[in-house]
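Residue-level structure breakdown
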Amino acid sequence: MARARRRVGGSALRTAQWTAAGVLTGTGLLGLLLFALGRAQAWQALGGGLVVAGASTVLGGALGFLFGVPRVKNGSGEPQGWYAPNTNLEQVSDWLTKVLLGVGLTQLGSLGERLHQLGTALAPVLGGEDAAVPFAAALVLYFLVLGFLAGWLVTRLALPRVLTETDEALDLFLAGQDRDRRGDKVGADDLRVRAMQQLGLLGGSTEQPAALAAQLPPSSGSPAGPDGVVAEVRSTATRSALTADQVRALFADGSEGRRIQALALMQGDPSLADLPSVLEAIEHPRSGFEQYHALLAARGLLSRLPGAEAQRLRDAVAAQLVDPRGIPYGSDRSWLAEKILSRLRAVAFVPAQPTGASAEGAEGAGPAASEAVASEPAAPEPMASGPAAVDPPANP
């Protein structure tokens, strides 16, 4: 309820802000229109006035941007990794702000004279009459202040959020690279997906059940929400005492929380993975969130699948990509699905070798098995004992 009230309040505030901006801009443009209609060359005065107003707004917006550039907090808020934010813009903003304030304060006494000179210089654009001098100065001052306020507010409200989201995405990319170097391919891809979502490059699997976090085991120190809980379960999979059969039974329990818990365990330890369970979650998911984690679990299985099972996974993922009700284009699931398909095309899966030692069995198993058998070195025959072992073979 409180969250709903905050959303309503935020929407009302944004509506009021846009209304105020429209009224202020409209007032200035209406004054310019009425002034131009009273001139002998109305269209020339209107066009010139619009150019002057636009130039003043741009100049004011640039000044507002300089005054509104946010600072980077020392000791916090910086990306954790090999890179640090570039503060050149912040330093230039501070320097120019101080210079402009200093120059402006020294010229404050002659402000009226400067405005009169500015109006005189711009009066020919607005008709060249005596009334155009004060109107030109007022027009520049009005839109300069309006542009300054707009530039400062937009910079102050929007730029910190954009910079913060970019820094968080950089953190996720760097953490993904670190996990990739440690061999955690599933965790690395998960972090890359989250980084691209942070930058708005991918859509998310938003259909997370409200009770999902309550169904999963409680987290300790992990980020809030289902994503953090799943990440914690994945990180503890290798230390879990569960067997593959128990994880399969956990998935077959039926509740979505248990199914996702089983998928998280499969992601963390591929030896616990069960391909039929993963395929079930890919082809018949309870939600997009479950299908996303099933694709992550399949990502960790790619190097373990023989040819027939790899074909089953390839067919299931491809069918979901082309199905209009399957994986939506441009989502986190489509990125993972396309990466899985590209890896399946790149890896040559060799069918299982036959157990028999006869050449006929090797030939019946196909050319790959025949080559494998032919490439194996022949085992040395045991040396016979006794005199026969030392006698040289008779010449034919």
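Heads up: the structure comes first, above all this text.
Observations regarding the layout of surface pockets
In this model, the largest pocket occupies a volume close to 660 Å³. Lining the largest pocket are 21 residues, with Leu63, Leu100, Gly104, Leu111 and Leu144 sitting closest to its centre. Sorting the residues of the lining of the largest pocket by element identifies helix H2 (42-68), helix H3 (88-106), helix H4 (111-122) and helix H5 (132-181) as the ones contributing at least two each. When residues of the lining of the largest pocket are assigned to their parent elements, the largest contribution, six residues, is made by H5. Within the lining of the largest pocket, the residues separate by chemical class into 17 nonpolar, three polar and one charged.

Considerations on the packing of aromatic side chains
Inspection of the entire model under this criterion finds three aromatic pairs. Their ring planes at 5 degrees and their centres at 4.0 Å tell us that Phe35 and Phe135 sit as a pair that is stacked. Remark: Phe135 occurs in helix H5 and Phe35 occurs in helix H1 (residues 2-37); sequence separation between them is 100 residues. For Phe35, a relative accessible area of 11% translates into the label buried. Consider the rings of Phe67 and Phe148, whose centres lie 5.5 Å apart with planes at 75 degrees: the pair is edge-to-face. In this pair, Phe67 is assigned in helix H2 and Phe148 in helix H5, connecting sequence segments 81 residues apart. Using a relative accessible area of 31% as the deciding quantity, one classes Phe67 as partly exposed. Lying over the aromatic face of Phe35, Arg39 brings its terminal NZ or CZ to 4.4 Å of the ring centre.

Parameters and conventions
- Residues numbered from 1 in each chain as written.
- Predicted model: local features only at pLDDT ≥ 70, side-chain atom pairs only at ≥ 80, totals over all residues.
- Heavy atoms only, no water.
- 1 Å grid on protein atoms, 1.4 Å probe; cavity = no way out; pocket = protein on both sides within 12 Å on 5 of 7 lines; lining within 4 Å.
- Points joined across faces, edges and corners; volume = space filled by probe spheres on them.
- Helix = DSSP H or I, 4+ residues; strand = E, 2+ residues; numbered from the N terminus.
- Nonpolar A, V, L, I, M, F, W, Y, C, P; charged D, E, K, R; others polar.
- Phe/Tyr/Trp six-rings, centres within 6.5 Å; stacked < 30°, edge-to-face > 60°.
- Buried < 20%, exposed > 50% of the residue type's maximum accessible area, 1.4 Å probe, protein only.
- Lys NZ or Arg CZ within 6 Å of the ring centre and 35° of its normal.

Don't take any of this as a statement about function, it's just geometry.
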